[in-house]
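Listed below are the residues making up each chain.
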Amino acid sequence: MNIVVCIKQVPDTTEVKINPVTGTLIRDGVPSIINPDDKGGLEVALQLKDKYGAHVTVITMGLPQADAVLREAFAMGVDKAILLTDRKLGGADTLATSNALAGALRTMDVDLIITGRQAIDGDTAQVGPQIAEHLGLPQVSYVVGLDVKDGKYIVKKETEEGYQMLEVEGKCVLTTLASAFKPRYMTVAGIVDAYDREVEIWGADKIDVDASKIGKAGSPTNVYKSFTKELKPAGEKFEVEPEEAVELIVAKLKEKHII
Amino acid sequence: MNKEEYKNVYVFAEQREGEIQPVALELLGKARELADGYGEKLVAILAGYKVADKAQTLIAYGADEVVLVDAPELKDYITEQYAQAIHQVIEAYKPRIVLYGATTIGRDLAPRLSARVNTGLTADCTKLALAEDDKEFLMTRPAFGGNIMATIVIREHRPQMATVRPGVMQKLAKDDSRKGVVNSFTPKFDESKFKVKLIETVKEAKDTVDITAAKVLVSGGRGVGNTEGFAKLQKLADVLGGQVSSSRAMVDAGVMPHDRQVGQTGKTVRPNLYLACGISGAIQHLAGMEESELIIAINKDKFAPIFNVADLGIVGDLHKIVPMLTERLAKEIEK
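A few points about the overall build of chain B
Helices and strands together make up the secondary structure of chain B, namely eight helices and 18 strands. Taken over the C-alpha atoms alone, chain B extends approximately 65 × 50 × 40 Å along its principal axes.

This is the structure we're talking about:
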């Protein structure tokens, strides 16, 4: 069984702070990590490797420095790593990104494709299902459990009310949730080894996709403007004894007819 | 593609087991405004099996027209079956805009369709509007974990598609006297593509509380500390007839379940009263609650960002104030 896991290098958005004076993002010193949902996907792929001897390839599209997340994937236990990097792929929205990744996947012999449900820098949850569509494969998103039985994938999908059990025939795309698959630690030997392993570098000429469908030209969406959020003006703030605080709150609740 | 052929604003009216989901009605409320802005029709797409009786509900909440796609293949939501049906509706009707709820269904279906029809999709929008000058459709969403907002446009592709999180838009008042047209649409299914089979749907009897429906939320953060701390908040919520919600910190710490989490990775709420106790107010949290009618914050740290959005801020110890407030309100309400 050949599994390909698509991962993304993202800034750890929980570490991002706002400059209180200028209202702009402070990006300096924010660490880059493997997107958490993708890391969950890596873990489930490696579980299938442990159980059934699957061959696990990891691919990321990004800037050359995304090499770091591939090394981390090596240290976790993947067999092969590909960095898809090319200026022609830059400025891509989700659709163009999915076209590029689908173009890479078309050239590979693959039985199962796993992506994280969504990346923490964009939170769109679009690239996985879009890859599935480009390749004409079935998809299950929000995956929290996976096993293989009689050549079929038995998939547990999280829903708002609970979960669903689904059976998928043949090649498919699954998008995983970080919360369900606690990633293994990198092994010491793995870390040492990771820096000697070869990361394959692929450019746009190596993938099977129409050139009009990638990069900025292949992106139907455009950013019209971006801005930091306007917050509503602050109300009054009091530093008082608890007794007085209680009276202030009760008065406010009465004023607004909450009580 | 001739852009001029694409007209009218469409809403995917998500239903589960025949029940129209609240987010569909919320989308109709916003889409009504957009359709009026263009002087065009608002159309709801109702897909399912034996759901025809729900069409009038969609009209009562603002739809001019309902495209009813009723087929046994659509009894349960499965990506390919729904993608085929909605794709054919899009091909036949050529919508200007299609809106979906950002639910586990909408966020599965909409990207699949965006790739099938080769158009743009903006995820989890918090604001939809038309530009004042040229009526360009402006879709605004949080990015970078809610740290910045981005307004997205889809200039050359149609339909322009977006998902919107539940609880963000407001539904119109129900008007049962509204009249509308119901058109049945029969898709041609290609069953050879049906590769996913639903074995079972399990509703977990987890103590699910829908915090998005609560009028009053007493919400706790790191400052609450532990389960005992949350018990104090629960007493206060009981007196006010509300629910207890939580910041991400307390969910990550395992003190509160995820379904109580407010914020970017949790739920968006807009109760009449949001009482934030010991919540510092990270931007990701504010993204989920700043639309609340009245925000009162109690926090020891007078520089906590939560005070920037609070109508009333109390710098103090919630562990002292909350029990006293509970007692005082119990007396007040008894009167």
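Past the structure itself, the notes keep going.
Regarding helix α2 (residues 67–76) of chain A
Within α2(A), seven of the 10 residues are buried, leaving the element largely enclosed by the surrounding structure. Every buried residue belonging to α2(A) is among Val69(A), Leu70(A), Glu72(A), Ala73(A), Phe74(A), Ala75(A) and Met76(A), and all of these are buried.

A closer look at the interface of chain A and chain B
In many analyses, interface size is given as the accessible surface area lost on bringing the parts together. At the junction of the two partners, chain A supplies 67 residues and chain B supplies 68 residues. Among the elements of the structure, α3 (94–106), α4 (127–135), β9 (139–149), β11 (162–169), β14 (222–227), β15 (236–238) and α6 (242–255) of chain A are those that each provide at least two residues to the side of chain A that touches chain B. Considered class by class, the residues forming the side of chain A that touches chain B number 31 nonpolar, 19 polar and 17 charged. As defined by bridge partners, β15(A) adjoins strand β18 (residues 312–315) of chain B across three bridges and the pair is classed as parallel. Its bridge partner being in β18(B), Phe238(A) is matched across the sheet by Ile314(B).

Here we look at the domain arrangement of chain B
Residues and elements named next belong to chain B. Partitioning chain B into domains gives domain 1 (6–193) and domain 2 (211–334). Across the contact, eight residues belong to domain 1 and nine residues belong to domain 2. Of the residues assigned to the side of domain 1 that touches domain 2, the class counts are three nonpolar, four polar and one charged.

Structural notes on helix α1 (residues 22–38) of chain B
Owing to its 3.6 residues per turn, the α-helix brings residues three or four apart onto one side. Residues and elements named next belong to chain B. Between its first and last C-alpha atoms α1 spans 25 Å; for 17 residues at 1.5 Å apiece the expected length is 24 Å, and the two agree. Burial in α1 covers these residues: Val23, Ala24, Leu25, Glu26, Leu27, Leu28, Lys30, Ala31, Leu34 and Ala35. In the segment just after α1, Gly39 is the residue with positive phi, at about 65 degrees.

Some details on the pairing of strand β11 (residues 160–164) of chain B
Residues and elements named next belong to chain B. Among the five residues that make up β11, five are buried, leaving the element largely enclosed by the rest of the structure. With burial as the criterion, each face of β11 is covered, one bearing Gln160, Ala162 and Val164 and the other bearing Met161 and Thr163. With five bridges joining them, strand β6 (residues 95–101) and β11 adopt parallel strand pairing. Following the sheet pairing, Gly101 is matched in β11 by Val164. Summarising the sheet, strand β7 (residues 121–125) and β11 pair through three bridges and their orientation is parallel. Counterpart to Thr122 in the pairing with β11 is Ala162.

Topic: the nonpolar core
In terms of nonpolar packing, the biggest core is built from 128 residues, with Ala100(A), Val11(B), Leu28(B), Ile45(B), Leu46(B), Leu58(B) and Ile86(B) touching the most fellow members. Ranked by residue count, the leading element in this core is α1(B), at eight residues. When neighbours within four sequence positions are excluded, Ala100(A) is seen to be in contact with Met61(A), Leu84(A), Leu89(A), Ala92(A), Ile207(A), Val209(A) and Ile214(A). Formed by 51 residues, the second largest nonpolar core is a distinct cluster that contains Ala237(B), Val251(B), Cys277(B) and Ile283(B).

Considering the environment of Ala92(B)
Mapped onto the fold, Ala92(B) is located in helix α3 (residues 79–93). When the C-alpha positions of Ala92(B) and Phe185(B) are compared, they lie 9.5 Å apart, and in sequence the two are 93 residues distant.

Focus on the sheet that holds strand β10 (residues 148–153) of chain B
A sheet is described by the order of its strands in space; here four strands give the open sequence β14(A)-β10(B)-β9(B)-β8(B), paired in antiparallel fashion. Edge positions in the sheet fall to β14 of chain A together with β8 (127–130) of chain B, since each of these pairs with one other strand and no more. With strand direction ignored, the average angle separating the axes of adjacent strands in the sheet is 25 degrees. Here β8(B) runs beside strand β9 (residues 137–143) of chain B; their pairing, made up of four bridges, is antiparallel. By the bridge assignment, Leu128(B) is partnered in β9(B) with Met139(B).

Here we look at the packing of α4(A) against helix α4 (residues 106–117) of chain B
Interaxial distance between α4(A) and α4(B) falls to 8 Å at its minimum, and their mutual angle equals 40 degrees. Between α4(A) and α4(B), the crossing angle belongs to the class labelled oblique. Seen along the crossing, α4(A) lies across α4(B) with a hand that is right-handed. Contacts between α4(A) and α4(B) pair Pro129(A), Gln130(A), Ala132(A), Glu133(A) and His134(A) from the former with Asp108(B), Pro111(B), Arg112(B), Ser114(B), Ala115(B) and Arg116(B) from the latter. Along the lines of polarity and charge, the residues of the contact of α4(A) with α4(B) split into four nonpolar, three polar and four charged.

Quick look at the environment of Lys171(B)
All names here are of chain B. Among the secondary structure elements, Lys171 is positioned in the loop between β11 and β12 (181–184). Measuring from C-alpha to C-alpha, the distance between Lys171 and Ala71 comes to 28 Å, with 100 residues separating the pair along the chain. Setting aside residues up to four positions removed in sequence, Lys171 forms contacts with Leu25, Glu26, Leu28, Gly29 and Tyr61.

Observations regarding unusual backbone geometry
All names here are of chain B. In the segment running from Arg158 into Pro159, the intervening peptide bond is cis, with an omega of -10 degrees. Mapped onto the elements of the fold, Pro159 is located in the loop between β10 and β11. Non-glycine residue Glu17 carries a positive phi angle of around 50 degrees. Position of Glu17 among the secondary structure elements: in the loop between β2 (15–16) and β3 (19–20). Glu17 sits in the exposed class, given 10 other C-beta atoms within 10 Å.

Considerations on the packing of helix α5 (residues 227–240) of chain B against helix α8 (residues 318–334) of chain B
All names here are of chain B. Interaxial distance between α5 and α8 falls to 9 Å at its minimum, and their mutual angle equals 20 degrees. Between α5 and α8, the interaxial angle falls into the category roughly parallel. α8 is crossed by α5, and the crossing has left-handed handedness. Of the residues in α8, those in contact with Gly229, Lys232, Leu233, Lys235, Leu236, Val239 and Leu240 of α5 are His319, Val322, Pro323, Leu325, Thr326, Leu329, Ala330 and Ile333. Among the residues making up the contact of α5 with α8, the classes are represented as 10 nonpolar, three polar and two charged.

Procedures and definitions
Residues numbered from 1 in each chain as written. Chains lettered and ligands numbered in written order. Predicted model: local features only at pLDDT ≥ 70, side-chain atom pairs only at ≥ 80, totals over all residues. Helix = DSSP H or I, 4+ residues; strand = E, 2+ residues; numbered from the N terminus. Buried ≥ 20, exposed ≤ 12 C-beta atoms within 10 Å, placed from the backbone. Contact = placed C-beta atoms within 7 Å. Nonpolar A, V, L, I, M, F, W, Y, C, P; charged D, E, K, R; others polar. Pairing = 2+ DSSP bridges. Domains from an automatic or database assignment. Expected span 1.5 Å × (residues − 1). Core = buried A, V, L, I, M, F, W, Y, C linked by C-beta atoms within 7 Å. Axes fitted to C-alpha atoms, helices over the stretch in contact; angles between N-to-C directions. Parallel < 35°, antiparallel > 145°, perpendicular 65-115°, else oblique. Left-handed = near helix turned anticlockwise from the far one by under 90°.

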